[in-house]
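# Coordinates in review
Here is what each chain is made of, one letter per residue.
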Amino acid sequence: MSTKRTYQPKKLKRARKHGFMSRMATRGGVNVLKRRRAQGRKQISI
């Protein structure tokens, strides 16, 4: 019986969903980046 955990991380899948390009693709995503920049985040996206 295998006991794999739920989260099996994959960098490419993560980048496609939450990366810079996908953020820039929508108005909401651009707002996310804008908020994070205003907050002074060191890393605004992946």
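Remember, it's a predicted structure, so these values are computed and weren't measured experimentally.

Time to look at helix 3 (residues 27-39). Helix length check: helix 3, at 13 residues, gives a terminal C-alpha distance of 18 Å against a target of 18 Å (1.5 Å per residue), a fit within 8%. Restricting attention to buried positions, one finds in helix 3 the residues Gly29, Val32 and Leu33. Seen end-on, helix 3 carries its buried residues on one side only, within an arc spanning 95 degrees. For helix 3, exposure combined with an orientation more than 90 degrees from the buried face picks out Arg27, Lys34, Arg35 and Ala38. For helix 3, the elements touching its buried residues are helix 2 (20-24). Positive phi shows up at Gly40, right after helix 3, with a value of about 85 degrees.

Looking at where Ser45 falls in the secondary structure, it is placed in the segment after helix 3. In contact with Ser45, other than residues within four places in its own chain, are His18, Gly19, Phe20 and Leu33.

Basis of the calculations
- Residues numbered from 1 in each chain as written.
- Predicted model: local features only at pLDDT ≥ 70, side-chain atom pairs only at ≥ 80, totals over all residues.
- Heavy atoms only, no water.
- Helix = DSSP H or I, 4+ residues; strand = E, 2+ residues; numbered from the N terminus.
- Expected span 1.5 Å × (residues − 1).
- Buried < 20%, exposed > 50% of the residue type's maximum accessible area, 1.4 Å probe, protein only.
- Arc of directions from axis to C-beta.
- Contact = heavy atoms within 4.5 Å.

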